[in-house]
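Examination of the molecular architecture
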Amino acid sequence: MDFDESSATKIVTREFLAVVLAGFGAELQPLTSNHGDEPCLKALLPIANKPMVEYPLGWLEQSGITDVLLICPTSHRSAMSNYIQSGVSATYPSLRIDLQTFEESQDMAPGTSTVLRHFASRIQSDFILLPCDFIPPPSLSLNLLLNKFRTESTYDGAIATACFYESGKPDKASVSEDWGPLPTNVPIVFDERSGTLLYVDTPDALDRNNEEFEFRMSLLTQYPRTKLSSSFRDSHVYVCKRTVLDALTTKTHMDSIQEEFIPWLCKPQYQRTRREKYGHVLSPVSNNLPQTLAMKHSTLHLPARKQHLRRSAAGSEADEDHPRSSVPSPIERQAAEPIDPVEPSLRVGLVVHRASSGFASRANNLHAFLELNRLALGQTSYVLPSDPENRSLIDQKAQISSDSLIGRSTRVEERASIKRSVIGKHCTIGRMAKVVGCVLLDHCVVEDGAKLEGCILGTYTKVGAKAELSRCVTQPGYEVAAGESARGEKLETSDWTARDTSEDQDSEESEEGSDDTEGSSE
């Protein structure tokens, strides 16, 4: 893999640039909270012991995309650079990754629109925008989106293609409300015949009217058979013309691309005033002239005005008796009508992925992170390590179910029980410990007799002997005391430190009190 910025000087013009966003992941806290002074990167959190960013990177490579602009916070640059040079180079050798950073913090993270405007000078071609946390199923090929965009942008004047996926209702019995609110679906309006995204509900629209949807008559006139659905979620995967970025640079007040810009981008295709104002930006005239004839015969393009059929006076009576004879042949129509430039549709295409075709989701919250790890277990079957070194770390009396995954260099001691769980690398599971339905990141220690159910443990978490945790999430480096129990909590080191400080203060106060008592007795 080429990790050199000089690769941008290639003579061959690239078709697409992939822009991969790897932010802090505030919704995944405390997993993404720092471990001491070391940042814990959202992009490197594992799904089935594989960094989540590798799923979209593999998706790109399978589609033939080679140029990637990877954007992460400045504080993550060192760790991300080391990972790319060591891990991605061997796994995805065809990818050329340009790593760029953006100043942000956990508390003040800019939106995607702001980030794209900042790096607009580096994006000189049509581009694919995708997050580091989208986990596509094998049945959803990126080429499906790319080919739809290629066809419609060339022959129809479309400007973008979005991907939404159908999401089922989460199992409330397997998640904790203390982890944060469950993600909700966003109502959208789309035309299924042409695969066109027409409307995306926004928080502002909900504030204005939370009981009814407000649609323009121009939308319903142009697309009379639209569908309204609240069964889908935005994958945050968009294939866009470079001119879309030009339009975004004019919208400096927009911060979120998902909640602000994409809903706005859907409107020029059916609102005349917005088309007149932004049409020359979204689709310059010079790009449309060569495709005029193709667009006139496109089955997707909907003409802005009706074509009136001409009938001769001599044939009017015959036309009334035989209505079909009034339709001129294609040859007659071409001879009678000059080929005028056809206005581009400015459509936003839509690819809908149904749940029946495979589970797709974003790992952008704790509920989805746990669910994706659990679903990955259904595609694997655990077998004991074949190499002697790792095999010797698994005790013969340990019980590991076939729907579990154990990372390399992990020790599982006598009579330990692991079911439906993902255990990372360099972990230790003590004697008689029980782990059910959990995800343990690397370097975790579960001591003798501890019990874990439905938990996510951050890296370097230590669970003391005979401690019991149920549906808990720990910050990297957290230590659970021996015999302690917790249920449905986010366990963070700040709370743990504060608790120890409080105990020390209580101890000091008690000592001072005893000293005062002794002094008064004297």
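Rules used throughout
- Residues numbered from 1 in each chain as written.
- Predicted model: local features only at pLDDT ≥ 70, side-chain atom pairs only at ≥ 80, totals over all residues.
- Heavy atoms only, no water.
- 1 Å grid on protein atoms, 1.4 Å probe; cavity = no way out; pocket = protein on both sides within 12 Å on 5 of 7 lines; lining within 4 Å.
- Points joined across faces, edges and corners; volume = space filled by probe spheres on them.
- Helix = DSSP H or I, 4+ residues; strand = E, 2+ residues; numbered from the N terminus.
- Nonpolar A, V, L, I, M, F, W, Y, C, P; charged D, E, K, R; others polar.
- Pairing = 2+ DSSP bridges.
- Expected span 1.5 Å × (residues − 1).
- Bend = angle between axes of the 7 residues up to and from the residue.
- Buried < 20%, exposed > 50% of the residue type's maximum accessible area, 1.4 Å probe, protein only.
- Contact = heavy atoms within 4.5 Å.
- Polar contact = N/O pair within 3.5 Å; in protein donor to acceptor, adjacent residues only side chain to side chain.
- Core = buried A, V, L, I, M, F, W, Y, C linked by side-chain atoms within 4.5 Å.
- pLDDT = per-residue confidence, 0-100.
- Salt bridge = Lys/Arg side-chain N within 4 Å of Asp/Glu carboxyl O.

**Topic: empty space enclosed by the protein**
Here the structure, examined in full by the defined rule, presents one cavity of 30 Å³ or more. If you add up the space inside the largest cavity, you get close to 40 Å³. Contributing to the lining of the largest cavity are L116, F127, C240, V244, L245, L248, I257, F261 and I262. Elements supplying a minimum of two residues to the lining of the largest cavity: α7 (242–250) and α8 (257–265). A class-by-class count of the residues in the lining of the largest cavity yields nine nonpolar, no polar and no charged.

**As for the sheet that holds strand β20 (residues 439–440)**
Either a parallel or an antiparallel arrangement is found when strands of a sheet pair, and the pairing is made through backbone hydrogen bonds. Taking strand neighbours across the sheet as the criterion, the six strands line up as β14-β17-β20-β23-β26-β29 in an open arrangement whose pairing is parallel. The sheet is open, and its two borders are formed by β14 (405–406) and β29 (490–491), each paired with just one other strand. Across two bridges, the pairing between strand β23 (residues 456–457) and strand β26 (residues 473–474) is parallel. Directly across from I456, in β26, lies its bridge partner V473.

**A word on helix α2 (residues 77–91)**
The terminal C-alpha atoms of α2, which comprises 15 residues, lie 20 Å apart, in line with the 21 Å expected from a rise of 1.5 Å per residue. The sharpest bend along α2 measures roughly 35 degrees and falls at I84. Every buried residue of α2 is listed here: M80, S81, Y83, I84, G87 and V88. Of the surrounding elements, those touching the buried residues of α2 are α1 (54–62), β2 (67–73) and β3 (96–102).

**Concerning helix α13 (residues 366–377)**
Over its twelve residues, α13 runs 17 Å from end to end, which matches the ideal 16 Å to within 8%, given 1.5 Å per residue. Here α13 lies mainly inside the structure; nine of its twelve residues are buried. Listing the buried residues of α13 in full gives L366, H367, A368, F369, L370, L372, N373, A376 and L377. Capping the start of α13 is the job of one residue whose side-chain oxygen sits 3.1 Å from the backbone nitrogen of H367: N365.

**Here we look at the nonpolar core**
Core analysis: the biggest nonpolar cluster contains 41 residues, and V19, L197 and L265 have the highest contact counts within it. For this core, the element with the most residues is α8, which contributes five residues. Aside from chain neighbours lying at most four places away, what touches L265 is I159, A160, V244, L282 and V348. In this structure, L57, L95, F134 and V351 belong to the second largest nonpolar core, which totals 37 residues.

**Side note on the confidence of the model for the protein**
Mean pLDDT for the protein: 84, with 79% of residues reaching 70 or above. For residues 1–11, every residue scores under 50 in pLDDT, and the model assigns this stretch 22 contacts once sequence neighbours within four places are set aside. Counting interchain partners and residues more than four positions distant, the pLDDT-below-50 stretch residues 304–326 has twelve contacts.

**A closer look at the pattern of salt bridges**
Taken as a whole, this structure holds 17 salt bridges when the rule is applied. One salt bridge connects R150 with E15, and the closest N-O pair in it is separated by 2.7 Å. Here E15 lies in the segment before β1 (16–21) and R150 lies in helix α4 (residues 142–155), a separation of 135 residues in the sequence. Given the relative accessible area of 44%, E15 is considered partly exposed.

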